[in-house]
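Topology and contacts: notes
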Amino acid sequence: MTGLIIILVVLLVISYFLSNRDIFNPALLTSALWLVGILLFLFLPNSLPPLQKQFIFSLELWSLGLVVSSWVTQSCVYSTKEWQCSATVRDLYFWISLLFIPSFLIFVYQAIVYGSSGSVAMDLRLAALGSNDRMGGEVYTPFYYVLWTVTYLLYLIDVDRYHWRRAVILGCLVLLFAIGTMSKALILSFGLMTIYVLYRKKYISTKAILIVAVCLVAVMFAIHGIRQSQQMDEEQIVTVVEQYILRGFCAFDTLKPESADHWGENVFRLYYAVTYKLGIATTEPIDPILPWVSKPISTNTYTTLYPFFKDFGYMGIAVFSIFLGLLLGIAYKKAQTKNSFFIILYAYVLMMVIMQYAAEYFFTNMAGHIKFVILLGIPYIVGTNNLLRIKNVPR
């Protein structure tokens, strides 16, 4: 454990100076988050078993691979050419987004009417997780949420006195979806995306970010209390921290390396989903909601390391940490060139960086990421190449 803490501290210090003290740097965030998590595990009162060598060594591999590889791509020089966003396509996205409002309202209505938990908040959450058979029994991941998110960010990054109302409308829709599905993760994602875009546009300071971050954490605890019909006192807050952050550390030690039933079924879930849907293969994709373990603790979160270790063992952690570190470094550095496409893209992936302690979101949600990139790319392809032969968003 001492060796892990030393590694994280060294990575944090180096990342801090290499990033010019930018708190959104992926290397800085990764080393800081894991260090805070380990310190919470050591000093926060809890009844969890001690961490084993399996998790400690895996986290050392992951931290070193991701942080160092992101340093490499951040040190490269990239083109500073600005990409233009088509105002016409962006406006089209806005009007199409409004057409999907009834779909969201129908979901909320059905979740409440068909719910049986006795709690509206819990009924909404169960419906979103696909635990309501009367609503299809599938995880609720509608296309319109991706469209709302992309459109909101397109307006937010170019907000002006003519279009700020549209940014507010789209922001409310994204936030209402997060509340309507009782998802703490989506609320956090909305906050992170908004904060990062406004920070890059120099609308808010680091001090304001810290204040908003505290408010976000408070909102997430409040949402948890509403879902569980509990009053969030000090004891409950400690329990939530243990449940969503610390238990995953211990649960990881229950895993067996390279124990997946099929090759790469966790990392390459999208491949299995597509081939099964098309009838090419008979192997069903794994459930994105991971199985529960009861010993030594009850949880179904195993940290971001789960799919790589489950499919490919320690080698998988090493390889994919380097792969993701390279991608994050490129996205971050391109965002620093003030390219609005990459500012939005990095704002989107920030959630994956922050949530490393809980679960893996890059490969698990690959289908959603592809939809996001395509929807985001269309207005920039049209605008940069002036395909519609009309004026683009003013810069």
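Scroll up for the structure.
In this text, all values refer to a predicted model and were calculated from it rather than measured experimentally.

1. Observations regarding the overall build of the chain
For the chain, the count of helices and strands is 15 helices and 0 strands. Relative to a compact globule of 395 residues, whose C-alpha radius of gyration would be 21 Å, the chain shows 21 Å and is just as compact. Taken along the three principal axes of its C-alpha coordinates, the chain extends 60 × 55 × 50 Å. Classification of the 395 residues of the chain by burial places 49% in the buried group.

2. Let's talk about unusual backbone geometry
Phi is mostly negative for residues that are not glycine, and the peptide bonds are mostly trans. A positive phi is found at Met182, a non-glycine position, where the angle reads about 50°. Its location among the elements puts Met182 in the loop between helix H8 (164–180) and helix H9 (184–200). In this structure Met182 comes out as buried when scored by relative accessible area, which is 7%. For Glu258, which is not glycine, the phi torsion reads 55° and is therefore positive. Examined against the element boundaries, Glu258 turns out to sit in the loop between helix H11 (234–252) and helix H12 (269–277).

3. A word on the nonpolar core
In this structure, Phe55, Trp62, Phe249, Tyr346 and Leu376 are the most contacted members of the largest nonpolar core, which totals 108 residues. For this core, the element with the highest residue contribution is helix H14 (residues 340–354), accounting for 14 residues. Beyond its immediate stretch of four places on either side in the chain, Tyr346 contacts Phe24, Asn25, Pro26, Tyr196, Leu328, Ala331, Tyr332 and Ala335.

4. Points about the environment of Tyr78
Inspection of the secondary structure puts Tyr78 in the loop between helix H3 (53–74) and helix H4 (87–99). Sequence separation of Tyr78 and Pro49 is 29 residues, and the distance between their C-alpha atoms is 47 Å. A distance of 2.6 Å separates a polar atom in the side chain of Tyr78 from the backbone oxygen of Thr73.

5. As for H8
Given a rise of 1.5 Å per residue, 17 residues ought to cover 24 Å, and the 24 Å separating the end C-alpha atoms of H8 matches this to within 8%. For H8, the full list of buried residues reads Ala167, Leu170, Gly171, Leu173, Val174, Phe177, Ala178 and Gly180. Lining the buried residues of H8 we find H4, helix H5 (101–114), helix H6 (120–128), helix H7 (143–157) and H9. Of the residues one or two after H8, Met182 is the one with positive phi, at around 50°.

6. So, the pattern of salt bridges
Scanning the entire structure with this criterion turns up 2 salt bridges. Arg200 is the salt-bridge partner of Asp22, the closest N and O atoms lying 2.5 Å from each other. Taken together, the residues span a long stretch of sequence, with Asp22 in the loop between helix H1 (2–18) and helix H2 (26–43) and Arg200 in helix H9 at a distance of 178 residues. Judged on exposure class, the residue Asp22 and its partner Arg200 are both buried. Residues Asp91 and Arg166 are paired through a salt bridge, measuring 3.1 Å at the closest nitrogen-oxygen approach. Residue Asp91 is found in helix H4, and its partner Arg166 is found in helix H8; the two are separated by 75 residues along the sequence.

The rules we used
Residues numbered from 1 in each chain as written. Predicted model: local features only at pLDDT ≥ 70, side-chain atom pairs only at ≥ 80, totals over all residues. Heavy atoms only, no water. Helix = DSSP H or I, 4+ residues; strand = E, 2+ residues; numbered from the N terminus. Rg over C-alpha atoms; globule rule 2.2 N^0.38 Å. Buried < 20%, exposed > 50% of the residue type's maximum accessible area, 1.4 Å probe, protein only. Core = buried A, V, L, I, M, F, W, Y, C linked by side-chain atoms within 4.5 Å. Contact = heavy atoms within 4.5 Å. Polar contact = N/O pair within 3.5 Å; in protein donor to acceptor, adjacent residues only side chain to side chain. Expected span 1.5 Å × (residues − 1). Salt bridge = Lys/Arg side-chain N within 4 Å of Asp/Glu carboxyl O.

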